[in-house]
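Residue-level listing of the chains:
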Amino acid sequence: MGLAPVWRRREREGDSGSTGDPPADHAPVVQGVHNRGYLPHLKAKGGLYFVTFRLADSLPQEVLRQLEVLTDEQRSMQVDQYLDAGHGENWLARPEVAEALKKVLLHFDGERYRLHAWVIMPNHAHLLIEPFGEYSLSEIMQGIKSVSAHESNRLLKREGAFWQPERYDHLVRDQEDFDRCRDYILQNPVKAGLARIPQDYVFSSGSPASEKRSAGGSPALQDRRPAGGSLALLDNRRSSIMRMDWSELKASVAACVACPLHARRNRTVFGVGDENADWLFVGEGPGADEDAQGEPFVGQAGKLLDNMLAAINLKRGKNVYIANVIKCRPPGNRNPEPAEALACEPYLHRQIELIRPKLIVALGKVAAVNLLAREASVASLRGKLHEYRGIPLIVTYHPAYLLRSLHDKAKAWADLCYAVETMKGLQSGKSATI
Ligand code: URA
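Residues numbered from 1 in each chain as written. Predicted model: local features only at pLDDT ≥ 70, side-chain atom pairs only at ≥ 80, totals over all residues. Heavy atoms only, no water.

Novice: Mind showing me how you'd approach helix H8 (residues 246-254) here?
Specialist: Spacing of three or four residues puts side chains on the same side of an α-helix, whose turn is 3.6 residues. Burial in H8 covers these residues: Trp-246, Leu-249, Ser-252 and Val-253. For H8, the angular spread of the buried residues around the axis is 130°, confining them to a single face. (Buried < 20%, exposed > 50% of the residue type's maximum accessible area, 1.4 Å probe, protein only. Helix = DSSP H or I, 4+ residues; strand = E, 2+ residues; numbered from the N terminus. Arc of directions from axis to C-beta.)

In structure tokens form, the structure reads like this:
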């Protein structure tokens, strides 16, 4: 038997949640109660289900009809292959839409059900879900589909069916079956070519960033770069951003709704300075002052940055460009979430392509780990020459950190001197040793 759990079709479900559809579940199933070695969740009274639901346009009725002649198992495999090939508009490939569904899924996790595993693919989603007490799977799924359909249509500025009315589910039989279903869910993005390893895929329970009750660990990224070939599917918007000129790029950032941060911003903060600069300084993201004024580094940290620039005979706007990893302010000045940084990444990438600086200075950990796409401390990265897509890159402390940690100012000064020396070499045409 292949990896794919066998699907059984359930009754139709309303997309809006307001149609009063009959509950789709049959009589309650009691499973695994007496079997030693089963985990407690497998003794659950309401059962534990592997559920698949998909976008309205992901699997045409005609294809479904053709598959009717197959056995359950054959049909499951065919349907999986069809979905993973990415048919339809793939609305869930848009980070803001996937984020909205993720939010809905996690909202009642631990309260009305336990989500043992989940994944949001570009045109469908899988859950390993255990309903609690009086909540039936049907009610839960109707709620999830209805709220997420409403929110997604709002984000997409569209109307009409978002989800296909049917869902497919499979009652988990035993521990082995549970493990198989969970593996299937976690491996789905890898199998579909969207990630190299399950942890790389942001919209699944396999991602460290999805730990709902995580202890607020570093939001710095794991290596998030999707495997080759996945970009077009995951984010068509990236290739169009990569073709933009300055004015298109500025307009696109100003209108961006690719991640939830857009909802609370006052201004986007694009970047500022000489568009042909040799020096590019990259910070983390706007704070309150920047959000109000639409310019990076204009608050206290910005004053220190200006002083740091002056100390090495540089000035904002003169052979210097200043940008951030993300263009909208995260609430409470928290660090950007990986999904937010990922959604914003094409903008910074395109800025760098257009500027073609000789040297990038990453200010602080968020800038460093996002540009270098690996987790590391500033202490371990500073004093070395790195590169971002062939451009030399130096890491130093963030000015806001230096305002709090005066003792590290000497190290930041050493980093600036190192940057100046490196730049001299680059301007004189000597290749930097990376
Ligand atoms: N901190 C940053 O990283 N960027 C800004 O623009 C302001 C503060």
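Novice: Help me out: how do you make sense of the site of the ligand in this one?
Specialist: Around the ligand, the surrounding shell consists of Gly-283, Glu-284, Gly-285, Glu-290, Pro-296, Phe-297, Asn-324 and His-398. The separation between an oxygen atom of the ligand and a polar main-chain atom of Phe-297 is 2.9 Å. Between Asn-324 and the ligand, the recorded distance is 2.8 Å, taken from a side-chain N or O atom to a nitrogen atom. Burial of the ligand by the protein amounts to 91% of the accessible area it has alone, namely 240 Å². Judged by the proximity of its atoms to the pocket grid, the ligand belongs to the second largest pocket. Grouping the constituent residues of the shell around the ligand by class yields 2 nonpolar, 4 polar and 2 charged. (Near = heavy atom within 4 Å. Polar contact = N/O pair within 3.5 Å; in protein donor to acceptor, adjacent residues only side chain to side chain. Areas by Shrake-Rupley, 256 points an atom, 1.4 Å probe, with all protein chains shown as cover. 1 Å grid on protein atoms, 1.4 Å probe; cavity = no way out; pocket = protein on both sides within 12 Å on 5 of 7 lines; lining within 4 Å. Sits in = over half its atoms within 2 Å of the grid points. Nonpolar A, V, L, I, M, F, W, Y, C, P; charged D, E, K, R; others polar.)

Novice: Would you mind showing me how to read empty space enclosed by the protein here?
Specialist: Where empty space is left can be seen by rolling a probe of water-molecule size over the atoms. As enumerated under the stated definition, the model contains 6 cavities of 30 Å³ or more in all. In this structure, the second largest cavity occupies an estimated 120 Å³ of space. If you go around the second largest cavity, you meet 17 residues; those closest to its centre are Cys-256, Cys-259, Arg-265, Cys-328 and Cys-344. The dominant element in the lining of the second largest cavity, judged by the number of residues it contributes, is helix H11 (residues 338-355), at 4 residues. Looking at the lining of the second largest cavity, its residues break down into 11 nonpolar, 2 polar and 4 charged. (Points joined across faces, edges and corners; volume = space filled by probe spheres on them.)

Novice: Got a minute to help me understand helix H10 (residues 300-311) in this structure?
Specialist: Along its 12 residues, H10 runs 17 Å from first to last C-alpha, staying within 8% of the 16 Å computed at 1.5 Å per residue. Residues Ala-301, Gly-302, Leu-304, Leu-305, Met-308 and Leu-309 constitute the buried set of H10. Seen along its axis, H10 keeps its buried residues to an arc of 160°; they face one direction. Counted as exposed and oriented over 90 degrees from the buried face of H10: Gln-300 and Asn-307. Residue Asn-313 follows H10 closely and has a positive phi angle near 60°. (Expected span 1.5 Å × (residues − 1).)

Novice: Where do I start with the sheet that holds strand E10 (residues 386-388) in this structure?
Specialist: The pairing of strands in a sheet comes from backbone hydrogen bonds and takes either a parallel or an antiparallel form. Reading across the sheet, the 6 strands line up as E6-E8-E7-E9-E11-E10 and stay open at both edges, with mixed pairing between neighbours. Because the sheet does not close on itself, it has two edges, and the strands there are strand E6 (272-273) and E10. Here 4 bridges tie strand E7 (residues 279-283) to strand E9 (residues 359-363), and the two strands are oriented parallel to one another. Across the sheet, the residue bridging to Phe-281 is Val-361, located in E9. Here helix H12 (residues 365-372) sits on the sheet in contact with E7, E9, E10 and strand E11 (391-396), set at roughly 130° to E9. Helix H15 (residues 409-427) rests against E7, E9 and E11 of the sheet, and its axis sits at about 165° to E11. (Pairing = 2+ DSSP bridges. Contact = heavy atoms within 4.5 Å. Axes fitted to C-alpha atoms, helices over the stretch in contact; angles between N-to-C directions.)

Novice: What exactly am I supposed to notice about unusual backbone geometry here?
Specialist: Trans peptide bonds make up most of the peptide bonds, and negative phi angles are found at most residues other than glycine. Of note in this structure, Asn-90 is not a glycine but carries a positive phi near 55°. Structurally, Asn-90 is set in the loop between helix H2 (72-84) and helix H3 (95-107). At Asn-333, a residue that is not glycine, the phi angle is positive and equals roughly 55°. Structurally, the position occupied by Asn-333 is in the loop between strand E8 (320-324) and H11.

Novice: When you look at the packing of H3 against helix H4 (residues 137-156) in this model, what are you seeing that I'm missing?
Specialist: How two helices pack is summed up by the angle between their axes together with the distance between the axes. The interhelical angle for the contact between H3 and H4, taken along N-to-C directions, is 155°, at an axis separation of 9 Å. Relative to H4, the element H3 is oriented roughly antiparallel. H4 is crossed by H3, and the crossing has right-handed handedness. Listed contacts from H4 to Glu-96, Val-97, Ala-100, Leu-101, Val-104 and Leu-105 of H3 are Ile-144, Val-147, Ser-148, Glu-151, Ser-152, Leu-155 and Leu-156. (Parallel < 35°, antiparallel > 145°, perpendicular 65-115°, else oblique. Left-handed = near helix turned anticlockwise from the far one by under 90°.)

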